[in-house]
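# Results of the structural survey
What follows is each chain in one-letter form.
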Amino acid sequence: MSRVSKSSSIQPGIVRLSVYLYRWLLCLGPAVFRREYEDEVLRTLRQCCQEEYVQHGTVGVLRLWPALFTRAIVDMVAEQLSMEGGGIIMRRSTILTYCAFVLFALGYLTLMRTSDPVAPFNTVAQAHPQVGIAYRIISISMNIVALATLLGGGLVFYSIVKYARASEHNLIKLFLPTKRHMGMLVVGTLLIALCLTLYIVFFGFIVGSPPHIADQPLWLALLIAMAGVFVGSALFTFVILLVSTMIALAVSRSDTGPRVFHIVRIFMAATLLSMGISFGATIYWIAALWSSVPQFTMSDAGLSMGNLTWVILALGAMVLALCLAINALRQSLKVREPLVSQ
């Protein structure tokens, strides 16, 4: 009891740091939201971190960071975008589902990179049918995800065009980001590119394959590798974020009818279900490779240590995408009354 009372009266450094970082992330959201909810959110966060520190110490609080900070970023960006169009739950859910699709698609493409060239994997699949079946389920489920997103997105795009014509709004301006959005894009791009660079380069050291250039010192090879990965990932990330932001802004700024969102909710459920099946098949495919042909899996042609970097990255993106999709569908199901534009 003395430990609990002492910990509740004195805030450890890790708790103060968590609150400080979370307060900084709340700046991504609109000022109206911060004025109304910031104190309550930070108070709840402080209590949660305090209790975790009492039970598990600093490590326990650090374990909370990925989920807490990811949720904060997603919610604040969604709040910022939803404020553009008056903000309703279904708009936010639609935006989150699209973001989940983009993340899952990137994870899927990253995973496909590990199975290129496909000839050795096809040979394994012929010898071990369970590997080939799992791979086909991954591909078919991903096609269904893309189809559901395309149909739902096409319906939303049609409603945006219809809204622009009826209200005499400029359709292009509905997609254009403001200076604030561009600033958020640049900051987000730099942070993501930096994290990817550190992960890819330093994971090479962990698996024993650091960057190297013939007749050059290690520090120069490391610098060149980091610069190349950072520039490439920054350009790729900026394009993805820019397109996603433009689509999200168009959805949030338009006055889409309630019937459209009710239909879109069906596509959201189909997207989530297909993503879940694809992710489950991905886990089984990797496990089947390791159990059936461990020698091939550990070789350079299979899921070797070099490819393991991309496998972990792909699985992480898929898990995050599933969390976003589940959250989006759960929010949309809370809307029981007829949807009206606010």
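Residues numbered from 1 in each chain as written. Predicted model: local features only at pLDDT ≥ 70, side-chain atom pairs only at ≥ 80, totals over all residues. Heavy atoms only, no water.

## Regarding the overall build of the protein
To keep it simple, the criterion reads: Counting from the N terminus, the helices are DSSP H or I runs at least four residues long and the strands are E runs at least two residues long. Only protein chains enter the calculation, and the probe is 1.4 Å; a residue is then buried if its accessible area is under 20% of its type maximum, exposed if over 50%, and partly exposed in between. Working rule for contacts: check all heavy atoms of both residues, and any pair within 4.5 Å makes them a contact. Computed with the Shrake-Rupley method and a 1.4 Å probe, the accessible areas treat only the protein chains shown as cover for residues.
Along the protein, the regular secondary structure elements total 12 helices and 0 strands. The secondary structure elements of the protein, listed N-terminal to C-terminal, are α-α-α-α-α-α-α-α-α-α-α-α. Here the protein holds 342 residues, and 42% of them are scored as buried. Here the analysis covers contacts within the protein between residues at least 6 apart in sequence; of these, 81% occur between residues at least 24 apart. When the accessible surface of the protein is summed, it comes to about 18,500 Å², and 69% of that surface belongs to carbon and sulfur atoms.

## A closer look at helix 2 (residues 13-26)
Just so we agree on the cut-off: Working rule for helices: expected span equals 1.5 Å times residues minus one. By arc we mean the arc of the directions from the helix axis to the C-beta atoms, nothing more.
Over its 14 residues, helix 2 extends 20 Å from the first C-alpha to the last, a length consistent with the 20 Å expected when each residue adds 1.5 Å. Every buried residue of helix 2 is listed here: Ile14, Val15, Ser18, Val19, Tyr22, Leu25 and Leu26. Taken end-on, helix 2 shows its buried residues confined to a sector of 135°, consistent with a single buried face.

## Things to note about the pattern of salt bridges
Our working rule: Salt bridges are counted wherever a side-chain nitrogen of Lys or Arg sits within 4 Å of a carboxyl oxygen of Asp or Glu.
Under the defined criterion, the tally for this structure stands at 2 salt bridges. Between Glu38 and Arg23 there is a salt bridge whose closest N-O contact spans 3.7 Å. Placement of the pair is Glu38 in helix 3 (residues 31-84) and Arg23 in helix 2, with a sequence separation of 15 residues. The partner of Arg63 in a salt bridge is Glu52, with the nearest N and O atoms 3.9 Å apart. Assessed through its relative accessible area of 52%, Arg63 is described here as exposed. Accessibility expressed as a relative area gives 16% for Glu52, which makes it buried.

## So, the nonpolar core
The following threshold applies: Buried Ala, Val, Leu, Ile, Met, Phe, Trp, Tyr and Cys residues that are joined via side-chain atoms within 4.5 Å together make up what is termed a nonpolar core.
Ranked by internal contacts, the top residues of the largest apolar core, which has 53 residues, are Phe104, Met142, Met275, Trp285 and Leu289. Of all the secondary structure elements, the ones that give two or more residues to this core are helix 4 (89-114), helix 5 (119-127), helix 6 (129-167), helix 7 (171-175), helix 9 (218-253), helix 10 (258-292) and helix 12 (305-333). Once residues within four sequence positions are removed from consideration, Trp285 is found in contact with Leu111, Ser115, Phe121, Val131, Ala134, Tyr135 and Ile138. Core analysis: the second largest hydrophobic core is formed by 15 residues, Leu26, Leu45, Cys49 and Trp65 among them.

## A look at the environment of Val264
With respect to the element layout, Val264 can be found in helix 10. As a C-alpha pair, Val264 and Leu151 span 113 residues in sequence and 8.6 Å in three-dimensional space.

## Some points on the confidence of the model for the protein
This is how it is decided: Along the chain, pLDDT gives the predictor's confidence residue by residue, from 0 to 100.
Averaged over every residue, the pLDDT of the protein is 80; residues scoring 70 or more account for 84%. Here helix 1 (residues 2-9) stands out as the least confident element of the protein, with mean pLDDT 42; helix 6 is the most confident, with 89.

## A closer look at the packing of aromatic side chains
Note the following rule: The rule is short: rings of Phe, Tyr and Trp, with Trp giving its six-membered ring, pair when the centres are within 6.5 Å, and they are stacked under 30 degrees, edge-to-face over 60, tilted in between.
This model, assessed by the stated rule, comprises 4 aromatic pairs. On the basis of an interplanar angle of 50° and a centroid distance of 6.4 Å, the ring pair of Phe157 and Phe175 is categorised as tilted. Linking Phe157 in helix 6 with Phe175 in helix 7, this pair joins segments that are 18 residues apart in sequence. For Phe175, a relative accessible area of 16% translates into the label buried. Taken together, the ring pairs connect Phe121, Tyr135, Trp285 and Phe296 into an aromatic cluster.

## Some remarks on helix 6
Residues spaced three or four apart along an α-helix point in a common direction, a consequence of the helix completing one turn every 3.6 residues. Its 39 residues give helix 6 an end-to-end C-alpha distance of 57 Å, which sits within 8% of 57 Å, the value for a rise of 1.5 Å per residue. Within two residues after helix 6, Glu168 carries a phi angle of roughly 60°, on the positive side.

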